[in-house]
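Coordinates in review
Given next are the chains, with one letter for each unit.
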Amino acid sequence: QKEVEQDPGPLSVPEGAIVSLNCTYSNSAFQYFMWYRQYSRKGPELLMYTYSSGNKEDGRFTAQVDKSSKYISLFIRDSQPSDSATYLCAMSGKGSARQLTFGSGTQLTVLP
Amino acid sequence: SQTIHQWPATLVQPVGSPLSLECTVEGTSNPNLYWYRQAAGRGLQLLFYSVGIGQISSEVPQNLSASRPQDRQFILSSKKLLLSDSGFYLCAWSVTGQGTGANVLTFGAGSRLTVL
């Protein structure tokens, strides 16, 4: 079993839809949770990061962490064609366990 | 502001040939530096990371090597490429000395390597 599981998709939605992207994990030591967005043939860029459980909102994006279920989500409201990309979740522990473990990524296409 | 440069962007090499990918970071001192490989549908695999000049940690056994000759320069090399070395290689940096804080990575644009 992988430490981090992420549905690879592809996921295709119409413009304006609410998108839900999810990851599950098995390592209870993970404390930091991140979402990266990667456009085709580009490097990933950090979208959001959260510490421990709870929600964090940034514009149309909301990151949610449920440590009791070992489940994290990224919600995109009012999705736009420019949101079409691969979304990677990443997580790490503290101190010596700070190396990131990445999910395999979910490919999202928002249709105009 | 900090920037990260990675080159070449695209590379096509025959099996058995050498490889050199270079990465430099500007606008920061003593960064942590990383090399990742991304294969289709398989996420990011950490290959090497470095916390300082000449300090390299290898995460997976392979025919690749890394070097850090200067504070903000990280090089990925191979003496003889294999078909399985094809992939998208990403350099990244993070701020050192964050203690127990999040290890937020900033990635370069990537180098796409095709071994024929």
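The structure under discussion appears in the preceding block.
Because the structure is a prediction, the values reported are computed rather than measured.

**Comments concerning the overall build of chain A**
Counting its regular elements, chain A contains zero helices and eleven strands. Radius of gyration (C-alpha) of chain A: 14 Å, near the 13 Å computed for a compact globule of 112 residues. Projecting the C-alpha coordinates of chain A onto the three principal axes gives extents of approximately 45 × 25 × 25 Å. When burial is assessed residue by residue, chain A has 44% of its 112 residues classed as buried. Contacts spanning at least 24 positions in sequence make up 54% of the contacts within chain A whose residues lie at least 6 apart. With the model as given, the accessible surface of chain A reaches about 5400 Å², and the carbon-plus-sulfur share is 48%.

**Some points on the interface of chain B and chain A**
Between chain B and chain A, the residue contacts involve 23 residues of the former and 19 residues of the latter. A combined buried area of about 1700 Å² lies between chain B and chain A, and 55% of that area is made up of carbon and sulfur atoms. In this structure, the connection of chain B to chain A is made through zero salt bridges. Inspection of the chain B/chain A interface yields two residue pairs in polar contact (both at pLDDT 80 or more). Residues of the side of chain B that touches chain A, tallied by class, amount to twelve nonpolar, nine polar and two charged.

**Examining the pairing of strand β7 (residues 61-66) of chain A**
All names here are of chain A. Here strand β6 (residues 54-58) pairs with β7 via five bridges, running antiparallel. Directly across from Lys56, in β7, lies its bridge partner Ala63. The antiparallel pairing of β6 with β7 creates a hairpin that spans two residues between the two strands, and Gly59 there sits at a positive phi of about 65°. Relative to strand β8 (residues 71-76), β7 is paired through six bridges, and the arrangement is antiparallel. Bridge pairing in β8 places Phe61 opposite Ile76.

**Notes on the sheet that holds strand β3 (residues 19-25) of chain A**
All names here are of chain A. Spatial strand order, β1-β3-β8-β7-β6: five strands in an open sheet with antiparallel pairing. Edge strands, defined here as strands with exactly one partner in the open sheet, are β1 (4-6) and β6. Taken over all neighbouring pairs, the strand axes of this sheet differ in orientation by 15° on average, direction set aside.

**Brief notes about the pattern of salt bridges**
Residues and elements named next belong to chain A. Here the structure, examined in full by the defined rule, presents five salt bridges over all chains. Here Glu45 makes a salt bridge to Arg37, at a shortest N to O gap of 3.1 Å. The salt bridge involving Arg77 is made with Glu57; its shortest N-O contact spans 3.4 Å. Here Arg77 is found in the loop between β8 and β9 (85-92), whereas its partner Glu57 is found in strand β6, with 20 residues between them in sequence.

What counts and what doesn't
- Residues numbered from 1 in each chain as written.
- Chains lettered and ligands numbered in written order.
- Predicted model: local features only at pLDDT ≥ 70, side-chain atom pairs only at ≥ 80, totals over all residues.
- Heavy atoms only, no water.
- Helix = DSSP H or I, 4+ residues; strand = E, 2+ residues; numbered from the N terminus.
- Rg over C-alpha atoms; globule rule 2.2 N^0.38 Å.
- Buried < 20%, exposed > 50% of the residue type's maximum accessible area, 1.4 Å probe, protein only.
- Contact = heavy atoms within 4.5 Å.
- Areas by Shrake-Rupley, 256 points an atom, 1.4 Å probe, with all protein chains shown as cover.
- Buried area = accessible area lost by both parts, 1.4 Å probe.
- Salt bridge = Lys/Arg side-chain N within 4 Å of Asp/Glu carboxyl O.
- Polar contact = N/O pair within 3.5 Å; in protein donor to acceptor, adjacent residues only side chain to side chain.
- Nonpolar A, V, L, I, M, F, W, Y, C, P; charged D, E, K, R; others polar.
- Pairing = 2+ DSSP bridges.
- Axes fitted to C-alpha atoms, helices over the stretch in contact; angles between N-to-C directions.

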